[in-house]
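# Descriptive structure summary
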Amino acid sequence: MRISTTSCLCPFLVCLCFIQRCSSVSHHTPAKVPTKNQTKLANGETEVHHRPKRGWIWNQFFVLEEHTGPDPQYVGKLHSNSDKGDGSVRYILDGEGAGSIFIIDEVTGDIHATKSLDREKKSHYVLHAQALDRYTEEALEPKSEFIIKVQDINDNAPKFPDGPFVATVPEMSEVGTSVLQVTASDADDPTYGNSARIVYSILQGQPYFSVDPKTGIIRTALADMDREAREHYTVVIQAKDMAGQVGGLSGSTTINITLTDINDNPPKFPQKNYQLYVPESAQVGKPVGKIKANDDDLGINADIKYSIINSEGANTFSISADRDTKEGIISLKKPLNYERKKSYTLHIEGMNTHADPRFSYLGSFKDTATLKITVGDVDEGPVFSIDHYIMDVYENAPRGTEVGAVTARDPDSRNSPVRYFLDSKEDDERYFRIDEITGVIRTTKPLDREDITWHNITVMASEVDNPSLLSHVPVTVQVLDVNDNPPEVAADEEIILCESSRPGQVIQTVTAVDKDDFANGQRFAFALPSQLPVNPNFTLKDNEDSTASIIARRRRFNHLTQELYELPIVVWDGGEPSLSGTSTLTLRVCPCQRHGRIRACQGEAFLSSAGLSTGALIAILLCIIILLAIVVLFITLRRSKKEPLIISEEDIRENVVTYDDEGGGEEDTEAFDIIALRNPAAAEELKFRRDIRPEARQHCGLLRSRRSPSVDLDDVDVQEFIKQRQVDADLDTSVPPYDSLQTYAYEGQGSPTGSISPLDSPGTQSEQDYNFLDEYGPDFQRLAELYGRADSDVSTVYSLWRQNSLFTKMR
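Only a predicted model underlies this, so the values are computations on that prediction, with no experimental measurement involved.

## Description of the overall build of the protein chain
- Regarding its fold elements, the protein chain presents ten helices and 43 strands.
- Burial analysis of the protein chain (811 residues in total) assigns 36% to the buried set.
- Taking the intrachain contacts of the protein chain between residues at least 6 apart in sequence as the baseline, contacts between residues at least 24 apart amount to 67%.

Next up, the structure:
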């Protein structure tokens, strides 16, 4: 199968097609694709034969882009060697754009493009062609691939994608200085024809700039372009394809070029002479005027350094540049005085700080001007002769002593009189006064250097004609020293004297102090008072270095015998005249350990002052401890629980026990000794707490009753005693805190038959007959036997008495 193109649209394409055909014949190799063809014979057999090989193949078509004709554009033709022209071969096409963009005639194999193509969107299409048997649909040849290239036409104008542009170039640049390179792009095929061949040209910006037609580099075309004359330029560059030929497409862009500044202009003062008025009261360091030189340059190229080049002006004034305004600021270096100098002439120079050596041929980049300053007269306050006065006066000088004098004058030409006075805010004590006319300062009272050594005062002066103008000056007065204070021995601490001191031993080294001040240093001499007898205990040695040593004269000191010693010392100073003072030192005797280490002085001093020995102190401390123990014991007993008054059955007392108590029950029942009812006088002596168990007193009463059976109870007023006991019970504050019923009863003088109580029994030698007890039973027979025994002891009697008491109760 071969693919052929039978027509071209223009003579140019006809030539191109011819060249392509020739190149195809010479360069393409035949495709060797063996294809089996089968033919049925009459006898039913099939004959198999091979197709002849193709001699060439056409595998590339061309189609013009942007075709706008009414009919589809013819692309080419497919043809197979198997095609006999009888219509048995059917051609098919598939691949990119097959069926939509490219269609094929199935019978003739003609290919047409149905749409207008754009090479810039797609430059070629890859398709596949195949020849089939129309009847059997069998492939007569294998599928062949071919390419349809879109032939470029000049349908895209050049463009500057990055425009517009901004560029700078220094002013005064040489001709041909490169400014900027611009580049245009063309979407057409650069490999085919001149559609993408661009040529640059300048449409606007001549004669200042030019452009290279091929590279698009913009250069300066005019020499000595001055920024101060013109700063901004607009250049229009055109790019045209087809190598700039007629019919080519073009595009343009704009370049804004700015000339940058260089220092090609020197500073210039607008005028050569200036005048300035400055009052003499202008403050030092403050600006008094300004001057400016003009410079057409910009930035650092316009920086100017100002200076005063003549000595007359430079000594009194200074000038500095303001970075923002480029002005020269004139300031005052020294005070002005109209009376001394009424005008100044300043020669001021302005010079660029960044000079460009390329333009040195233009001359020096600086300029000068003259400034005349006129000093204005101003009424000024008095001026003191010096800025600070220092005076001195001796202490203790009498009132009115002259200290010194200050002087001030009116600086103005009229020389007005001056008056002086002291600042009332200072010198509250008024140590000084000043003569308002002469300025002499005197004391108002004697001064004491030891109190205040330096006095700082302020003297003010004013003109008589204009008192509102004041001037101030500080005055310092030093009080000079005189020897008016006697020296004293410095004794900040108590001097300790060890008991074991030996003769000749140094006890203490003393120094002296003096409130006075000596220029060559203080010198002191020491001695013991000469009018006193020789001290037997101590002596004093002058060390001749303003110190003295106290030396012991005897052996052994005892603090118990004498603890304190007083030692008067006389000290002289080295002043003129010399003064002396006597100081009495106190030496305390203390027991010391070895190496002179003090053991305890304060405690020993306390004992000595009280006149007590160590043994006495120990006895006092023991007494105090015993008293404290008694107090603690008493408090403990007071807080212990109260014992009930009902005594156990073993108690030897006869008790009256009551059980009709309306108080707190059996625990607070109270019993009373019957002896108290029989002997009120004894009871009065034995008043004690009834809630405390009186064991010792009960036994004593029992024995006494035993030994004194003849106690007479007839004379005892028992009823009176009971009433007294009731009053005591009502007033007693130690009773329990609840109601208690206390019963007192008196049964009279006793039974006529007598009592069998051993309290009323006679002594051990009684001759009473106890046989009558036999009638009461065997138990009382034993009792009679026991009473009858002469050797019955108290314990036996007590046991019998208990049994008898029990019997009485039972009755």
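## Observations concerning the UniProt feature "transmembrane region" (unreviewed entry) in the protein chain
- Sites flagged by UniProt as "transmembrane region" (unreviewed entry) map to residues 616-637.
- Helix makes up 100% of residues 616-637 and strand 0%. Its end C-alpha atoms lie 32 Å apart.

## So, the pairing of strand 10 (residues 144-151)
- Pairing between strand 4 (residues 60-64) and strand 10: five bridges, direction parallel. Within strand 10, the residue paired with Phe61 across the bridge is Ile148.
- Pairing of strand 9 (residues 124-133) with strand 10 involves six bridges; the strand directions are antiparallel. Among the inter-strand pairings, His124 is bridged to a residue of strand 10, identified as Lys149.

## Details of the confidence of the model for the protein chain
- Taken over all residues, the pLDDT of the protein chain has a mean of 76, while the share at 70 or more is 70%.
- Segment residues 645-653: pLDDT under 50, and 27 contacts once partners within four positions in sequence are set aside and those in other chains are kept.

## What about the sheet that holds strand 18 (residues 273-279)?
- With mixed pairing, four strands are arranged side by side in an open sheet as 18-24-23-20. Each end of this open sheet is capped by a strand with a single partner; those strands are strand 18 and strand 20 (304-308). Taken pair by pair, the neighbouring strands of this sheet meet at an average axis angle of 30 degrees, ignoring direction.
- Note that strand 20 and strand 23 (residues 343-352) share five bridges and pair antiparallel. For Ile304, the partnering residue across the bridge sits in strand 23 and is Asn352.

## Brief notes about the sheet that holds strand 41 (residues 580-590)
- Strand order in the open sheet made by the four strands is 35-41-40-37, with mixed pairing throughout. Here the strands that pair on one side only, and so sit at the sheet edges, are strand 35 (495-498) and strand 37 (525-527). In this sheet, neighbouring strand axes are inclined to one another by 35 degrees on average, regardless of whether the strands run parallel or antiparallel.
- Both strand 35 and strand 41 contribute to a ladder of four bridges, which runs parallel. By the bridge assignment, Leu497 is partnered in strand 41 with Val589.

## A closer look at the state of the cysteines
- All told, the structure shown has one disulfide when counted by the stated rule.
- A sulfur-sulfur separation of 2.2 Å characterises the disulfide bridge that pairs Cys498 with Cys592. One quick way to see it: the torsion about the S-S bond of Cys498 and Cys592 is about -90 degrees, and its sign makes the bridge left-handed. Highlighted residues: Cys498 in strand 35 and Cys592 in the loop between strand 41 and helix 3 (602-610), separated in sequence by 94 residues.

## Quick notes on the packing of aromatic side chains
- Applying the stated criterion to the full structure yields ten aromatic pairs.
- Between the aromatic rings of Phe269 and Tyr306, the centroid separation amounts to 6.4 Å while the plane-to-plane angle is 55 degrees, which identifies the pairing as tilted. Here Phe269, found in the loop between strand 17 (250-260) and strand 18, pairs with Tyr306, found in strand 20; they are 37 residues apart in sequence, far enough to count as distant.
- A relative accessible area of 5% places Tyr306 in the buried class.

## Some words on the pattern of salt bridges
- Counted by the stated rule, this structure contains 17 salt bridges.
- Put simply, Glu96 and Lys122 hold a salt bridge, and the shortest N to O gap is 3.5 Å. Remark: Lys122 occurs in the loop between strand 8 (110-113) and strand 9 and Glu96 occurs in the loop between strand 6 (89-95) and strand 7 (102-104); sequence separation between them is 26 residues.
- Note on Glu96: relative accessible area 33%, which makes it partly exposed.
- For Glu231, the salt bridge identified is with Arg227, shortest N-O distance 3.9 Å.
- We classify Glu231 as partly exposed; its relative accessible area is 29%.
- Assessed through its relative accessible area of 7%, Arg227 is described here as buried.
- One connected set of salt bridges, linked through shared partners, spans Arg227, Glu228, Glu231 and Asp261.

## Description of unusual backbone geometry
- A cis geometry characterises the amide bond from Gly163 onward to Pro164, with omega recorded as -5 degrees.
- Within the fold, Pro164 resides in the loop between strand 10 and strand 11 (165-170).
- Between Gln206 and Pro207 the backbone carries a cis peptide bond, its omega angle lying at 5 degrees.
- Tracing the backbone shows Pro207 in the loop between strand 13 (199-204) and strand 14 (209-211).
- Backbone geometry places Asp224, a non-glycine residue, at a positive phi of 55 degrees.
- Along the polypeptide, Asp224 turns up in the loop between strand 15 (217-220) and strand 16 (232-240).
- Even without glycine at this site, Asn396 takes up a positive phi of about 65 degrees.

The rules behind the values
Positions within a chain are numbered from 1, following the residues in the order the chain's sequence is written. Selection of residues for local features in this predicted model requires a pLDDT of at least 70, selection of side-chain atom pairs for listing and counting requires 80 or more, and totals for whole chains, interfaces and linings are taken over all residues. Side-chain numbers come from the whole structure's heavy atoms, not from hydrogens or water. Runs of H or I in DSSP of at least four residues are treated as helices and runs of E of at least two as strands, each being numbered from the N terminus. Burial here depends on accessible area, computed with a 1.4 Å probe over protein chains only, as a share of the maximum for the residue type. Under 20% is buried, over 50% is exposed, and the range in between is partly exposed. Should any heavy atoms of two residues lie within 4.5 Å, those residues are counted as being in contact. UniProt positions are given in the numbering used here, feature names are shortened, and annotations may be inferred rather than shown by experiment. For two strands to be treated as a pair, DSSP must find no fewer than two bridges joining them. A residue's pLDDT is the predictor's confidence in that residue, given on a scale from 0 to 100. Axis definition: a line fitted to C-alpha atoms, limited for helices to the stretch in contact. Angles are taken between N-to-C directions and run from 0 to 180 degrees. The criterion for a disulfide is a pair of cysteine sulfur atoms lying within 2.5 Å. Aromatic pairs are defined between Phe, Tyr and Trp rings, using the six-membered ring for Trp, whenever the two ring centres lie within 6.5 Å; interplanar angles under 30 degrees are classed as stacked, those over 60 as edge-to-face, and all others as tilted. Salt bridges are defined as contacts in which a side-chain nitrogen from Lys or Arg sits within 4 Å of a carboxyl oxygen from Asp or Glu.

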